Amino acid sequence: MTSDDPAPPTHSTTPSAHPATVPLTKEPEEPREQPAEPGPPEHDVLPPNLTAGEHDRGHRSHRPWSARRLPAALVAALVLVAAGAALVDVVAVRAGRPAAAWRRHLADELATRPVDDVWMLTGAAAAAAVGVWLIVLALTPGLRHWLPLRSPAPGLRAELDRDGAADLIRDAAMRVPGVGKARIRVRRHRVKARADVRFRDPRQVKDDLTAVLDDERGLLALARPPRIVVRVRRRTD
């Protein structure tokens with residue numbers, strides 16, 4: 001009796017047509033450098049020696065120097081007239097003509113009058129006053145009507161007109177409840193505010209007005225903030 005069981009598999013010693021593939025091991029890759037995140041712009045980076053408070057205050061600027069056109073024109077005109085008249089008279093004398101009457105009279109007065117004469121002292125005082133005035137003009141910047149502002153950089157300058165500052169402060173004062181009328185005068189070191197109170201307690205209105213004007217003064221960013229003086233009075237008409 002024959003068995004239907006399949007014959008056991010026979011192991012062949014001949015190599016297979018398809019060689020066994022060994023999985024390749026992948027070498028670990030070196031970690032890639034991550035792109036650096038863009039930092040803030042250079043002008044936003046505070047230097048190590050500048051605190052946040054100093055950055056907010058900005059740089060203090062000064063008033064621009066005036067050209068002094070009017071004083072220079074007056075002095076130049078006086079010197080030109082005096083020098084021109086003297087030069088014309090000297091040329092006339094050199095040409096054989098007599099000296100002018102004004103020059104002869106001036107020479108006689110200067111030669112005969114004593115030093116302690118009233119007119120001599122008056123002329124010397126006037127000349128000294130003019131000299132002091134010119135020295136002050138040369139050493140001071142002028143343009144007192146302009147108020148310098150804080151600048152974000154040393155090379156920048158900005159100024160605010162006093163009338164413009166007074167208008168801004170007046171608008172802020174009129175927003176205070178109870179203020180019917182406000183008069184503002186802006187000076188270099190002081191701001192005078194006078195307000196007419198139509199309703200509310202004048203003391204409360206003065207406190208609110210002082211606080212509002214202090215805030216408005218800070219918004220103006222003045223290089224030298226002036227002191228604020230507030231005066232109120234009751235008006236019922």
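These figures come from a predicted structure and were not determined experimentally.

A. Examining the sheet that holds strand 3 (residues 179–186) more closely. Taken in spatial order, the three strands make up an open sheet running 3-4-5, and their pairing is mixed. If you trace the sheet from one side to the other, it starts and ends with strand 3 and strand 5 (227–234), each paired once. Taking the axes of each pair of neighbouring strands and ignoring which way they run, one obtains an average angle of 15° across the sheet. Bridge analysis of strand 4 (residues 190–197) against strand 5 gives eight bridges, and the strand direction is parallel. Counted as the bridge partner of Lys192 is Val229 from strand 5. Contacts between helix 5 (residues 162–174) and the sheet are confined to strand 3 and strand 4, with strand 3 contributing the most and set at about 155° to the helix. Sheet contacts for helix 6 (residues 202–220): strand 3, strand 4 and strand 5; angle to strand 5, the most-contacted strand, approximately 150°.

B. Quick peek at helix 4 (residues 118–139). With 22 residues, helix 4 should cover 32 Å at 1.5 Å per step; its first-to-last C-alpha distance of 32 Å lies within 8% of that length. Measuring from the backbone nitrogen of Trp119 back to the side-chain oxygen at the start of helix 4 gives 3.0 Å, which picks out Asp117 as the cap.

C. Spotlight on the nonpolar core. Ile169, Ile184, Val186, Leu209 and Leu213 are the most contacted members of the largest nonpolar core, which totals 23 residues. Every residue in contact with Leu209, bar those within four places of it in the chain, is listed here: Ala173, Val176, Ala195, Val230 and Val232.

D. Region of the structure containing unusual backbone geometry. For Arg200, which is not glycine, the phi torsion reads 75° and is therefore positive. With respect to the helices, strands and loops of the structure, Arg200 is situated in the loop between strand 4 and helix 6. On the basis of relative accessible area, Arg200 is assigned to the partly exposed category, the value being 28%. The backbone phi angle of Ala221 is positive, close to 55°, even though this residue is not glycine. Among the structural elements, Ala221 can be located in the loop between helix 6 and strand 5. What makes Ala221 partly exposed here is its relative accessible area of 21%.

E. Region of the structure containing the pattern of salt bridges. This model, assessed by the stated rule, comprises 10 salt bridges. The closest approach of N and O atoms between Arg170 and Asp167, which form a salt bridge, is 2.8 Å. With Arg170 and Asp167 both in helix 5, this residue pair falls three residues apart, about one helical turn. Linked through salt bridges whose partners overlap, the residues forming this network are Glu109, Arg113 and Asp117.

F. Seen up close, the side chain of Asp89. When you line up the elements, Asp89 lands in helix 2 (residues 69–94). Residue classification places Asp89 among the buried residues on the basis of a relative accessible area of 6%. Beyond its immediate sequence surroundings of up to four residues, Asp89 is in contact with Ala99, Ala100, Trp102 and Arg103.

G. Fine view of a positive patch on the surface. Together, Arg185, Arg187, Arg190, Lys192, Arg194, Lys206, Arg227 and Arg231 make up a positively charged patch on the protein surface. Of all the elements in the fold, those that place two or more residues in the positive patch are strand 4 and strand 5. For Arg185, the location among the structural elements is in strand 3. Assessed through its relative accessible area of 48%, Arg185 is described here as partly exposed.

H. Looking closely at the pairing of strand 4. Bridging between strand 3 and strand 4 involves seven bridges; their strand directions are antiparallel. By the bridge assignment for strand 4, Ile184 is matched with Ala193. Here strand 3 folds back onto strand 4 in antiparallel fashion, the turn holding three residues.

I. The arrangement of the side chain of Arg162 in detail. If you trace the backbone, Arg162 turns up in helix 5. The side chain of Arg162 is buried and forms no salt bridge, while Asp161, the nearest opposite charge, is found at 7.3 Å. The residues touching Arg162, leaving out its near neighbours within four places in the chain, are Arg144, His145, Leu147, Val186, Arg187 and Arg188.

J. Main features of the confidence of the model for the protein. Scored by pLDDT, the protein has a mean of 76; 73% of the residues are at 70 or more. Within the protein, no element has a lower average pLDDT than helix 1 (residues 52–57), which sits at 44, and none a higher one than strand 4, at 91. Counted against residues more than four places away or in other chains, residues 1–28, with its pLDDT under 50, gives zero contacts. With pLDDT under 50 throughout, residues 35–56 is counted as low confidence; its partners more than four residues away or in other chains account for five contacts.

So, how was this worked out
- Throughout this description, residue numbers start from 1 for each chain and increase along the sequence as written.
- Predicted model: local features are reported for residues with pLDDT of at least 70 only, side-chain atom pairs are reported and counted for 80 or more only, and whole-chain, interface and lining totals are derived from all residues.
- Based on all heavy atoms of the structure, the side-chain values leave hydrogens and waters out of the count.
- Strands qualify as paired when DSSP identifies two bridges or more between them.
- Secondary structure elements follow DSSP: runs of H or I of four or more residues count as helices, runs of E of two or more count as strands, with numbering from the N terminus.
- Lines fitted to the C-alpha atoms define the axes, with helices restricted to the stretch that makes contact. Angles between their N-to-C directions range from 0 to 180 degrees.
- Every residue pair with non-hydrogen atoms within 4.5 Å of one another is taken to be in contact.
- What a helix is expected to span follows from its residue count: subtract one and scale by 1.5 Å.
- Under this definition, polar contacts are N or O atom pairs within 3.5 Å; protein pairs additionally need one hydrogen-donor-capable and one acceptor-capable atom, and for neighbouring residues in sequence, both atoms have to be side-chain atoms.
- Put simply, buried Ala, Val, Leu, Ile, Met, Phe, Trp, Tyr and Cys residues joined by side-chain atoms within 4.5 Å make one nonpolar core.
- Residue burial is assigned from relative accessible area. The probe radius is 1.4 Å, only protein chains are included, and a residue is buried under 20% of its type maximum, exposed over 50%, and partly exposed in between.
- Salt bridges are defined by distance alone: a side-chain nitrogen of Lys or Arg within 4 Å of a carboxyl oxygen of Asp or Glu.
- Like-charged residues within 9 Å of one another, or nonpolar side chains (Val, Leu, Ile, Met, Phe, Trp, Tyr) within 5 Å, are grouped into patches, provided each residue has over 30% relative accessible area and no salt bridge.
- Surface accessibility follows the Shrake-Rupley procedure with a 1.4 Å probe radius. Residue values consider only the protein chains on display as shielding.
- Asp and Glu are treated as the negative residues and Lys and Arg as the positive ones, with His and the ends of the chain left uncounted.
- By convention, the point assigned to a charge is CZ for Arg, NZ for Lys, CD for Glu and CG for Asp.
- The pLDDT value tells you how sure the predictor is about a given residue, anywhere from 0 up to 100.

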